[in-house]
Amino acid sequence: MKILLIFFTFSLISGAVRCVSVTGYSGGSLLVDSGKLWFSNSAKYMVKHDPWRTIINYKKHNEWTSEGRFILFSNKYGNLMIFIIELNTKDTGKYRIRVLDKWYIDLTLNVKKDSCCKGSKTVLVNGGETATFSCEYSHNHINDAKALFKERQNSIENLIPGTDTLNKDGRFSISDDRHINLFTVRITDVTPDDGGVYLCGVWINRLFYSISAKVNLHIMTKVGVSRATVHSGGRMMIKCEHPQHKTKPKYICKESDGCSERKNPGVQDKWMENGDVSLYDDTRAGVLMVFFRELKAADAGTYRCGVNVSHYTESFTELQLLVRDDATFVTESAHLGEEVNITCQIPEEHKVHFCKENDDHICQNISTSAVTEMSPSSERNEERVFTVSISNVSVRDAGVYWCGAETRDTHLTCISLTTKIQLDLFMAPVVRREGESAEIFCPYDSIYKSKSKSLCKGKCSTRDRNTLNETVREEKETKTDRLTLNDDVTASVFTGTITGLTAEDAGKYWCAVTLERDVNYLYTHLIVIMNEELNLTKYEGDDVSIQCKHHEEHQKCFCKAHEPSMCVKDGVSLETIRDDRFSFSDEASTGVFTVNITDLREEDSGIYWCGSHITTKVNLTVNLDFSLINIISLCLTLLLIGGFTVTECLLR
């Protein structure tokens, strides 16, 4: 807000002037020097006449007393100053200002409108540089002397009186261009102490100062420059250190936007979201942490990570950010209770960083499970591969992990997370026959006992959700058709029971908890064995073709095992037979694939499981050829009777 300030000094001669008239401008402010002493121990009083209104009612203060827009204070010479801000036409009228038992004056104020008082402006300048700003004034004051003031705590200081163009130390100067009614202020070699509010004015008739411009000067001190390279689609954590200003408010902004959008947590010692980033102002360490949840090419540029040292001074570290190609995404699966190895690759010269996303999608701390030391495995193209091992995997280990590189400068640490690892957990498959019931147990982390849980055929999300799913919450039972869910919060397990199993029930089932969205963390396979078995008897040397049904296009299984559960591992159906005599032909449109076995042998006999989640038991018996048995029997008989040798028999 531009202001207009009138500075008027009454005669110091006792009894010379008791009433004075001054003029202010709407939107501006008015400063009047009473010319009389403050008297710290005496109460102050200010009223407005016609209509009568008490503004300041006998208040005492050493230097300053105020009520709304009306302020009385003592200047450096001990005089009482009258300061009225944000003037409007309703302020026009007569006022009386009194110091109890000492003196009083009457003030007549006339408030007018003027084009010079339309607003304020803000100027940003880096420490050590020169600050320059211009001040417009009314054409009625072309020939009046110009002046510069600065607002101080409880006072206003006249830096350049109307009779000068330089201040005492020579860093502040004024140059006036009367052709365009504009004078320019220059402040050289600025320091943090130069930050604040400046008032530009003219000295009218050598009686008062008319202030027509308010300038907020912000001093920016750059303490360092950091550079970082990140990947599109990845994550990034920035830690900006301000140990000397632990409790001061901190921010991050982008210079290409003129730092117009400053993102800050709003509160201290708590993670808060602000647009596409999350921020945490750690007042104990004096660190601002900024987490970019999903980097884009548009995020490249120059940033300021700073702290507001005062209202008009800031300290910041400059971050030059380069965004490269897309991040890497990997899915790993692990059996509950077993060990999983996660492999990542980072540049050789950087420190390794490995973390797990929490429920707020912030990747800060590693999982609570036992994790072995991250060890380098090999070197390739100036990058190194390291492996993280998580032992005794539990349900709390499921989720999203990130690994990447950490770089550190004096005041800023940047962690670029370039590889995303989705860790899914699975349980042993559930195998039941057609028509039976199946129970699927879903253990969960106890911190989610009050959350809704879901069991779904297919992932529990809007896109994949199947008709066979249900949701339960905290010690309740829900039932839909043939699926019943029970939640045992004491044991931290919810159970899904499916009755009257059919071929359509077979498939992959996910356990999920509902936070902001459904979080799928654990899965198992439900294998339904069809009641109808296939019994085949063949002879050695024969060929056979076996037709199998499959429920999912990407899973086809023909497995030789005593139990169908042995054919499924890590969520993938295994083709356990490795023999060139076995071949597959697929008729996708019919949901059938054919297994062809040529040149059958006796050892091919056994139990086979044909299909994927829908499984048919195949009993294959391979007998020796009858004609060969007869020949062998004849040779043995002749050997006993006629003394023929086995060799002769075989030659025949």
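Details of the structure are given in the entry above.
Residues numbered from 1 in each chain as written. Predicted model: local features only at pLDDT ≥ 70, side-chain atom pairs only at ≥ 80, totals over all residues. Heavy atoms only, no water.

### Concerning the sheet that holds strand 44 (residues 544-549)
Here comes step 1: On the basis of which strands lie adjacent, the open sheet formed by three strands has the order 44-49-48 and antiparallel pairing. Pairing within the sheet leaves two strands with one partner each, and these edge strands are strand 44 and strand 48 (582-587). When strand polarity is set aside, the average angle formed by the axes of neighbouring strands in this sheet is 25 degrees.
Here comes step 2: In this structure, strand 44 lies alongside strand 49 (residues 592-597), joined through six bridges in antiparallel fashion. Residue V544 lies in a different strand from strand 49, and its bridge partner there is I597. (Pairing = 2+ DSSP bridges. Helix = DSSP H or I, 4+ residues; strand = E, 2+ residues; numbered from the N terminus. Axes fitted to C-alpha atoms, helices over the stretch in contact; angles between N-to-C directions.)

### Some remarks on the packing of aromatic side chains
Here comes step 1: All told, the structure shown has 15 aromatic pairs when counted by the stated rule.
Here comes step 2: Centroid distance Y45 to Y58: 4.5 Å. Interplanar angle 20 degrees. Geometry classified as stacked. Of this pair, Y45 sits in strand 4 (residues 44-48) while Y58 sits in strand 5 (residues 53-59), placing them 13 residues apart in sequence.
Here comes step 3: Residue classification places Y58 among the partly exposed positions, given a relative accessible area of 37%.
Here comes step 4: Measuring from ring centre to ring centre gives 4.9 Å for W510 and Y523, while their planes differ by 50 degrees; the resulting arrangement is tilted. One end of the pair, W510, is in strand 41 (residues 507-514); the other, Y523, is in strand 42 (residues 518-529), with 13 residues separating them in the sequence. (Phe/Tyr/Trp six-rings, centres within 6.5 Å; stacked < 30°, edge-to-face > 60°. Buried < 20%, exposed > 50% of the residue type's maximum accessible area, 1.4 Å probe, protein only.)

### Considerations on the pairing of strand 33 (residues 412-426)
Here comes step 1: Across the 15 residues of strand 33, 13 count as buried, placing the element largely inside the fold.
Here comes step 2: Strand direction decides the pairing type here: strand 19 (residues 235-241) and strand 33, joined by six bridges, are antiparallel. Looking at strand 33, one finds that I238 is bridged to C414.
Here comes step 3: Bridging between strand 26 (residues 328-335) and strand 33 involves eight bridges; their strand directions are parallel. When the sheet's bridge partners are listed, T328 is paired in strand 33 with T419.

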